[in-house]
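# Secondary and tertiary structure notes
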Amino acid sequence: MRKANWVLKNDEIFSLDFDDFYYNIKEPLKERNGIYVENAFLNANNKLTILELGFGLGLNFFLSAKKAIEQGIKLNYVAIENHYQSIEDIKFFCKKFNIELNKSFINDYPPCKNGIYRIEFDGITLDLVFQDVDVALDDLDFLADVVYADGFSPSKNQEMFSINTLEKVKKLLKPNGKLISYSSNSNFKKALIELGFEINNIEIGIKRESTLAILKNKVQKEELDGYFHKNYLEVNNIAIIGGGIAGATLAYELSKLGKTISVFEQSHTLANEGSGNKIGLLTALIQNPSSLLGEFSQFSFWHSSKLYKKLGYKLEGVLEHAYTKELQDRFKMQKDNPLIKLHFDFAFLKDGGTLEPCKLVPKIFALSNARIFLNYKLNGFREFYDRVELDFENKTMTFDAVIFATGAYSKEIFNNLPLSVVRGQATWLKNQVKYKHPISSKAYITGAKDGIVLLGATYDRNLIADASSVYDEVNINNFKEIFKADYSHLIIGNRVGYRSYSSDRFPIVGAYFNENKYKSTYKALQFDKHKPQTNAPRSRVFISTAHGSRGLASALTSARLITSYFNNTPSGMFKRYEHALHPARFLIRDLKKGLVK
């Protein structure tokens, strides 16, 4: 991502990248409010989704956020920007215009790195998309009420106002949605008319006229990836099955929508299996920069770190160790990654650190409005057009939608998915191990909590076995092999937990699918995969599972994805991630290869 270049010209902020001022230098606040904000909020209900092309220094966003807070409107704001402004630059700009910056905005403002970053405060959700506009529009999947087309003038930024860009914008705009722009360029308006917009001129006395376009001709077209289409649900009564980190983050995110949430856990306590560990590490995979799995891991890691810090956790950083030549080569490819600082064979991730999952999970549940039901073992479920029925012992309950966050037990429920159960035994050591930061290598060693340091963890696929000193020895030897340190004399205990993994290592997150319907609908996919596909059938059953050993990172962003299915809110996630997580991805791959009869 490029850093923005600007200077002060006659005490006004001038872009060297576009050879233009960032705003009308005469009355910038009056101009932005009159053209963008007032028209965006006119006749708005209690929720508004705005897509902005060109975040710049954030003036449109800050004014829109102020308006939303004043009117009690829940604002989802997605802004695309390919020229990075530092937080110091934004502070300078806001001071110039007497705009008070929220502390969450300052603390959560992202680094100069392509990606999508969520910032939340006072009922405002901002998704900053750092990417070229043409690429970003193809990689987003939501519907906006309003589009701010504010990328300087068409003469200075032709790509932003091209027919190609406007066609992509149209796909992300609701029927009768508004497109607002400072520009009144005739070619720009002509292109909008061709795309089915009705043009209205805005006149506020500062400029001769600006553009307000209403999308009157919106036809839902089938897409190449129709099998991953998101069918939005208007629901209120939602059940979550599972009381671990995946269930907790789901309850937390859904509570923001004001939903009625019921959580069912088969054990007598929350936080069992992997989420029941006394100590865990928040860290990220470091892979080739072109690896989608590594990209998703770092995306989720960054967002989860921000949440845990808000909850009061101090994260001391993590040292990831490249203990093989292959890992060393991967690390070197990440030398320009601002999330990582390389030092010899180590990569320091300042946003990672030691957590206590067994305490963290109940804390997150407590922040939600969820009702918790313990000792509720699910015997089965049935999905209907308008509801889902859950069968517990001696009781059947009905919900609008159900989400399975069932970890290792997912394999028993969804036996058509390529899931495996992995046994992990962690070894507890006396707090006599002195490392400044946790280390993740062939084995990992954490910081101390309650006088205990954790060393782990074994990885035994599809093995069910009680805790044993044999597996403690595996952990001890894995660490000793790399660092020549033997901590066997410090062992004071251990714990076994079971984790769920998918065959491609991505979590499995999203709307579940009826396998027979998918096979029938997409049976010709081997021959017509390059043609538009019928949109996926609607589902009221969702999954968030297969988070493996990195659920502390991936659970939150996965919860946001599922939450986006309800009330049509942005997921804060690129579409390529959504598709990589989709439960139907394995079947679709087999259908494309002709492996399904």
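Below: a short report on this structure. Because the structure is predicted, anything quoted here is derived from the model rather than measured.

## With respect to the overall build of the chain
Tallying secondary structure elements over the chain gives 18 helices and 33 strands in all. For 597 residues, the compact-globule estimate of 2.2 N^0.38 gives 25 Å, and the chain sits close to it at 25 Å. With respect to the principal axes defined by its C-alpha atoms, the chain has extents near 80 × 55 × 45 Å. Counting over 597 residues, the chain shows a buried share of 58%. Pairs at least 24 apart in sequence give 74% of the contacts found in the chain among residues at least 6 apart.

## Things to note about the nonpolar core
Of all hydrophobic cores here, the largest spans 137 residues; its most connected members are Leu51, Phe61, Phe105, Leu179, Tyr308 and Phe566. Once residues lying within four places of it in the same chain are set aside, the contact partners of Tyr308 are Ile245, Leu282, Tyr313, Leu355, Leu360, Ile364 and Leu552. Counting residues in hydrophobic clusters, the runner-up holds 31 residues, among them Leu419, Tyr518, Ala536 and Ala546.

## Brief notes about the sheet that holds strand β25 (residues 401–404)
Here we have six strands laid out as an open sheet, ordered β21-β15-β14-β25-β33-β32, and mixed in their pairing. Pairing within the sheet leaves two strands with one partner each, and these edge strands are β21 (371–374) and β32 (508–511). Here the average twist between neighbouring strands, direction ignored, is 20 degrees. Looking at chain direction, β25 and strand β33 (residues 541–545) are connected through three bridges and run parallel. Paired with Ile403 across the two strands is Phe542, which belongs to β33.

## Digging into the packing of helix α8 (residues 245–255) against helix α11 (residues 357–367)
The geometry of α8 relative to α11 is characterised by a closest axis approach of 8 Å and an angle of 20 degrees between their N-to-C directions. On the basis of the axis angle, α8 is roughly parallel to α11. Crossing of α8 against α11: the hand is left-handed. On α11, the residues touching Ile245, Gly247, Ala248, Thr249, Ala251 and Tyr252 of α8 are Leu360, Val361, Ile364, Phe365 and Leu367. Tallied by class, the residues present in the contact of α8 with α11 amount to nine nonpolar, two polar and no charged.

## Some points on the environment of Pro357
Mapped onto the secondary structure, Pro357 falls in helix α11. For the pair Pro357 and Tyr577, spaced 220 residues apart in sequence, the C-alpha separation works out to 25 Å. Setting aside residues up to four positions removed in sequence, Pro357 forms contacts with Ala271, Ser275, Asn277, Lys278, Ile279, Gly280, Pro362 and Leu552.

Parameters at a glance
- Residues numbered from 1 in each chain as written.
- Predicted model: local features only at pLDDT ≥ 70, side-chain atom pairs only at ≥ 80, totals over all residues.
- Heavy atoms only, no water.
- Helix = DSSP H or I, 4+ residues; strand = E, 2+ residues; numbered from the N terminus.
- Rg over C-alpha atoms; globule rule 2.2 N^0.38 Å.
- Buried < 20%, exposed > 50% of the residue type's maximum accessible area, 1.4 Å probe, protein only.
- Contact = heavy atoms within 4.5 Å.
- Core = buried A, V, L, I, M, F, W, Y, C linked by side-chain atoms within 4.5 Å.
- Pairing = 2+ DSSP bridges.
- Axes fitted to C-alpha atoms, helices over the stretch in contact; angles between N-to-C directions.
- Parallel < 35°, antiparallel > 145°, perpendicular 65-115°, else oblique.
- Left-handed = near helix turned anticlockwise from the far one by under 90°.
- Nonpolar A, V, L, I, M, F, W, Y, C, P; charged D, E, K, R; others polar.

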